[in-house]
Amino acid sequence: MLPATFKLCAAISYRHLRNMTGLRRQAAVAISQELSKLPCRGAGPGAWISQVRRRSSLLSSRLEENPFSEMEMAYIKQGEEALQKSLSILGDQEGWKTETVAGNGDKVLSKVLPDVGKVFRLEVVVEQPLDAVYSELVDNMEQMGDWNPSVQEVKILQKIGKDTVITHEKAAATPGNIVGPRDFVSVRCSRRRGSTCVLAGMATTHGAMPEQHGVVRAENGPTCMVLRPLAGDPSQTKLTWLLSIDLKGWLPKTIINQVLSQTQVDFAHHLRQHLARTA
């Protein structure tokens, strides 16, 4: 039989667990079950207290490891999915066709994927170190509309931990208003591993930003940017941008392809100009 004090502790813990939800409750339930299996018969009070303290410490550490709600965890998982799928697409070197090659060597490639559609791949070298490029694309993303004419506004709707954000982006009108007003709600995740940075994202939904009247809600993803120091010259950055967008609405494919590939070329041009001004 368990000591009466342990029964009381278990009863209090059970009432506490009823008020917990999601991952915290799951972690607490698992440890509560472990506590109930402790061999208390014949053990002195000191030994029992030490065991409870150790298990309580384990509970606290597990709860700290999972400080997110179920909805937040869903966004984190979606961001990870975008990252893994994007890297898988970029990792397959077969089937890419050249769309554009600029005079400075900037290149746009494309390929058609059965489950995604047409994706575009920009490959450029930016004459700035990786940290400067990363800072503009991640830390200062809400200022992107100040230097990129293709973007009217980027707003962070929610931050989840240090690597995941939900954003709302308004696209600027294309020349001649060929493509009307578009906006995007995306989950974005960033990862730094050694000298490589990956910024990935895909379309999602968020209660703070429902679809807007008069604006077409387009969808992007999976999409990502990969940043690496240029081999042999770490003062420059190799940037690869995988772009996958469904602009929605009634638009001929030829116009879509032209707009998206030109958007990537223009982005590289304006990013260089902005970094040169702020260096």
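Predicted model, so just to flag it, every value in this text is computed and none were measured.

### Looking at the overall build of the chain
Within the chain, the regular secondary structure consists of 7 helices and 12 strands. Among the 279 residues that make up the chain, the fraction classed as buried is 40%. Excluding contacts between residues fewer than 6 apart, the proportion of contacts in the chain whose partners are at least 24 apart in sequence is 58%. A total accessible area of about 15,700 Å² is found for the chain, and carbon and sulfur atoms account for 53% of it.

### Here we look at the pattern of salt bridges
Working definition: two side chains of opposite charge can pair if their charged atoms are close together. Under the defined criterion, the tally for this structure stands at 15 salt bridges. The structure contains a network of salt bridges with shared partners spanning Glu80, Lys162, Asp163 and Arg191.

### Observations concerning the packing of helix α5 (residues 130-139) against helix α7 (residues 253-278)
What describes two packed helices is the angle between their axes and the distance between those same axes. Relative to each other, α5 and α7 sit at 110°, their axes nearing to 11 Å. With respect to α7, the axis of α5 lies roughly perpendicular. The element α5 and its partner α7 pack so that their crossing is right-handed. Seen from α5, the contacting residues are Ala132, Val133, Glu136 and Leu137; seen from α7, they are Phe267, Leu271, His274, Leu275 and Thr278. In terms of residue class, the contact of α5 with α7 is built from 6 nonpolar, 2 polar and 1 charged.

### Digging into the layout of surface pockets
The volume enclosed by the second largest pocket comes to roughly 380 Å³. Along the walls of the second largest pocket sit 18 residues, with Val116, Gly117, Lys118, Ile245 and Asp246 positioned nearest its centre. The set of elements that each furnish at least two residues to the lining of the second largest pocket consists of β3 (117-126), β12 (245-246) and α7. When residues of the lining of the second largest pocket are assigned to their parent elements, the largest contribution, 4 residues, is made by α7.

### Focus: the environment of Gly180
Summarising the element assignment, Gly180 is placed in the loop between β5 (164-171) and β6 (182-193). Once the C-alpha coordinates of Gly180 and Val216 are considered, the two residues, 36 residues apart in sequence, prove to be 7.9 Å apart.

### Details of helix α4 (residues 70-91)
An ideal rise of 1.5 Å per residue puts 32 Å on 22 residues; α4 measures up with 31 Å between its terminal C-alpha atoms. Buried within α4 are the following residues: Tyr75, Ile76, Gly79, Ala82, Leu83, Ser86, Ile89 and Leu90. For α4, the angular spread of the buried residues around the axis is 155°, confining them to a single face. Every exposed residue of α4 that faces more than 90 degrees away from the buried side is listed here: Glu70, Lys77, Ser88 and Gly91.

What counts, and where the lines are drawn
- Residues numbered from 1 in each chain as written.
- Predicted model: local features only at pLDDT ≥ 70, side-chain atom pairs only at ≥ 80, totals over all residues.
- Heavy atoms only, no water.
- Helix = DSSP H or I, 4+ residues; strand = E, 2+ residues; numbered from the N terminus.
- Buried < 20%, exposed > 50% of the residue type's maximum accessible area, 1.4 Å probe, protein only.
- Contact = heavy atoms within 4.5 Å.
- Areas by Shrake-Rupley, 256 points an atom, 1.4 Å probe, with all protein chains shown as cover.
- Salt bridge = Lys/Arg side-chain N within 4 Å of Asp/Glu carboxyl O.
- Axes fitted to C-alpha atoms, helices over the stretch in contact; angles between N-to-C directions.
- Parallel < 35°, antiparallel > 145°, perpendicular 65-115°, else oblique.
- Left-handed = near helix turned anticlockwise from the far one by under 90°.
- Nonpolar A, V, L, I, M, F, W, Y, C, P; charged D, E, K, R; others polar.
- 1 Å grid on protein atoms, 1.4 Å probe; cavity = no way out; pocket = protein on both sides within 12 Å on 5 of 7 lines; lining within 4 Å.
- Points joined across faces, edges and corners; volume = space filled by probe spheres on them.
- Expected span 1.5 Å × (residues − 1).
- Arc of directions from axis to C-beta.

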